[in-house]
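Coordinates in review
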Amino acid sequence: FFFLMIRRPPRSTQSRSSAASDVYKRQEYDRLQEICNGYEEKMSDEGYPYQKTIQELKRCEQTIILHGIFSPNEEIDDILLENIKYLSLPYLYGDVFGRITDNRKSNILLSKTYLNEYLKLLSHYKVLPKEVKSLWKKYEEQPKYELTREEKVASYKETKSLEAKIKSLERMDDEKGIRQTRIDILIFFAHKALNQLRLIETELEMLAYKEKLDKDKEEGKGVDENYKPPPMQVIHIPVHLSLSCRFKNRNCQSQRIRSW
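The sections below set out a description of the structure shown in this document. (Residues numbered from 1 in each chain as written. Predicted model: local features only at pLDDT ≥ 70, side-chain atom pairs only at ≥ 80, totals over all residues. Heavy atoms only, no water.)

1. Remarks on the overall build of the protein chain
Broken down by element type, the protein chain carries nine helices and two strands. Ordering the α and β elements of the protein chain from the N terminus gives α-α-α-α-α-α-α-α-β-α-β. Within the span of the protein chain, comprising 260 residues, buried residues form 38% of the whole. Within the protein chain, contacts between residues separated by at least 24 positions form 72% of all contacts whose residues are at least 6 apart in sequence. (Helix = DSSP H or I, 4+ residues; strand = E, 2+ residues; numbered from the N terminus. Buried < 20%, exposed > 50% of the residue type's maximum accessible area, 1.4 Å probe, protein only. Contact = heavy atoms within 4.5 Å.)

As C-alpha cells, then:
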C-alpha cells in the first residue's frame, strides 16, 4: 500500500512524535491542500502549476516513507492526530494528475492508480465506508457500471452530511472530536475519488474511440468522401404515435416527416 512499502515494527509514541515533527511542516501540507482546493475552484493551475504541486507532493511522500510515519501493523487509532491528514496524500496526487491536459491518457491512468491506492489505504485502516467499498468493487468488476438512482441519492446525502461535519472542525476543542472530523475528511475524499474513477473510465473509453478513428484515418479507413446517402422518403406516422399531434394539434390525422 501507499506509505507502507517499508515495514517497520511499532514504535513508541515519543519517537514517532519526534519523527512527525521532522517529516514535513504541517503548515506546508495544509498549504498544498489549499492549492489543490483552489484548482477545483479555478479549474486551472493559474498561479501554481500542476507539475510544481506534484513535485512538492513527491517530496512529502519521500519524507513520510523515510521516517516510517505509518506502519502496516497499526490501526487508525494508533496514528497520531497530527499525522492523519497525510493519509490524503495519494488522493491529492490522483486529483492533480487528473487535471493535467497534456499527455492526457498517461496522466489520467496515473490518476486512476493513485485514487485506487487511496481507497486501498483507507480500506487497510478500516475507515472506508461499506457503501463506498461496495461501489468501488463494482467499478473494478464492471468499469461501465452505472449507479442506480438509490445509490446516487445515498451518495449525495452522505457527502452532504460529511461536508456539514467538516465545517464543524473549527469548533472542535477535544482531541476525539478533531480526530473523527479528520477521518470524515478522508471519507469525503473517498467519495470524490470514487466519482473521479467513474469519470476516468468514461474518458478512457472516449480516448480509445478517438485513437481508433485516428488509426483508421491513417490506414485509409476513414469516412468515404464520395459516399452519397440514399434519397429521402416521406413516411406517415399515425396520429396516436405523433408527439407533436398530442401536444400541439390534436385534430391532425397524420404527421409527415422526411426519413432516410
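Here the narrative resumes.
2. Re the nonpolar core
Judged by nonpolar contacts, the single largest core of 55 residues is most densely connected at Phe70, Leu87, Tyr118 and Leu119. The leading source of residues in this core is helix H8 (residues 175–218), at 13 residues. Residues within four places of leucine 119 in sequence aside, it is in contact with Leu128, Trp136, Ala190, Ala193, Leu194 and Leu197. (Core = buried A, V, L, I, M, F, W, Y, C linked by side-chain atoms within 4.5 Å.)

3. Looking at the packing of aromatic side chains
Applying the stated criterion across every chain, the model contains eight aromatic pairs. A ring pair is formed by tyrosine 93 and phenylalanine 97, whose centres lie 6.3 Å apart and whose planes are at 20 degrees; its orientation type is stacked. One end of the pair is tyrosine 93 and the other is phenylalanine 97, both in helix H4 (residues 89–97) and four residues apart, which spans about a single turn. Of the residues examined, tyrosine 93 reaches a relative accessible area of 0% and is grouped as buried. When its relative accessible area of 7% is taken as the criterion, phenylalanine 97 is described as buried. For the ring pair phenylalanine 97 and tyrosine 114, a centre distance of 5.7 Å and an interplane angle of 5 degrees mean the geometry is stacked. Taken together, the positions of phenylalanine 97 in helix H4 and tyrosine 114 in helix H5 (residues 104–124) put the pair 17 residues apart, joining distant regions of the chain. Tyrosine 114 matches phenylalanine 97 in its accessibility class, with the two residues each being buried. (Phe/Tyr/Trp six-rings, centres within 6.5 Å; stacked < 30°, edge-to-face > 60°.)

4. Focus on the environment of glutamine 51
Turning to its location among the elements, glutamine 51 is positioned in helix H3 (residues 50–67). Taking the C-alpha atoms as reference points, glutamine 51 and isoleucine 100, 49 residues apart in sequence, are found 8.7 Å from one another.

5. Notes on the pattern of salt bridges
According to the stated counting rule, one finds 11 salt bridges in the structure shown. Two residues, lysine 105 and glutamate 211, come together in a salt bridge whose shortest N-O distance is 3.6 Å. One end of the pair, lysine 105, is in helix H5; the other, glutamate 211, is in helix H8, and 106 residues separate them in sequence. (Salt bridge = Lys/Arg side-chain N within 4 Å of Asp/Glu carboxyl O.)

6. Some remarks on empty space enclosed by the protein
Using the criterion set out here, one finds one cavity of 30 Å³ or more in the structure. In this model, the largest cavity occupies a volume close to 50 Å³. Taken together, Cys36, Asn37, Glu40, Tyr91, Leu92, Asp95, Arg99, Phe189 and Lys192 make up the full set of residues lining the largest cavity. Those elements giving two or more residues to the lining of the largest cavity turn out to be helix H2 (26–42), H4 and H8. Of the residues that constitute the lining of the largest cavity, the class distribution is four nonpolar, one polar and four charged. (1 Å grid on protein atoms, 1.4 Å probe; cavity = no way out; pocket = protein on both sides within 12 Å on 5 of 7 lines; lining within 4 Å. Points joined across faces, edges and corners; volume = space filled by probe spheres on them. Nonpolar A, V, L, I, M, F, W, Y, C, P; charged D, E, K, R; others polar.)

7. Section: the side chain of asparagine 116
For asparagine 116, the location among the structural elements is in helix H5. Its relative accessible area of 14% is what places asparagine 116 among the buried residues. In this structure, asparagine 116 is in contact with Trp136, Glu140 and Leu197, ignoring residues within four places of it in sequence.

8. Concerning H4
Across the nine residues that make up H4, a large majority, nine, are buried. Of all the residues in H4, the buried ones are Leu89, Pro90, Tyr91, Leu92, Tyr93, Gly94, Asp95, Val96 and Phe97. Its buried side turned inward, H4 meets H2, H3, H5 and H8.

9. Side note on the environment of isoleucine 100
Tracing the backbone through its elements, the reader meets isoleucine 100 in the loop between H4 and H5. Note on isoleucine 100: relative accessible area 6%, which makes it buried. Along the primary structure isoleucine 100 and tyrosine 50 are separated by 50 residues, whereas in three dimensions their C-alpha atoms are 7.1 Å apart.

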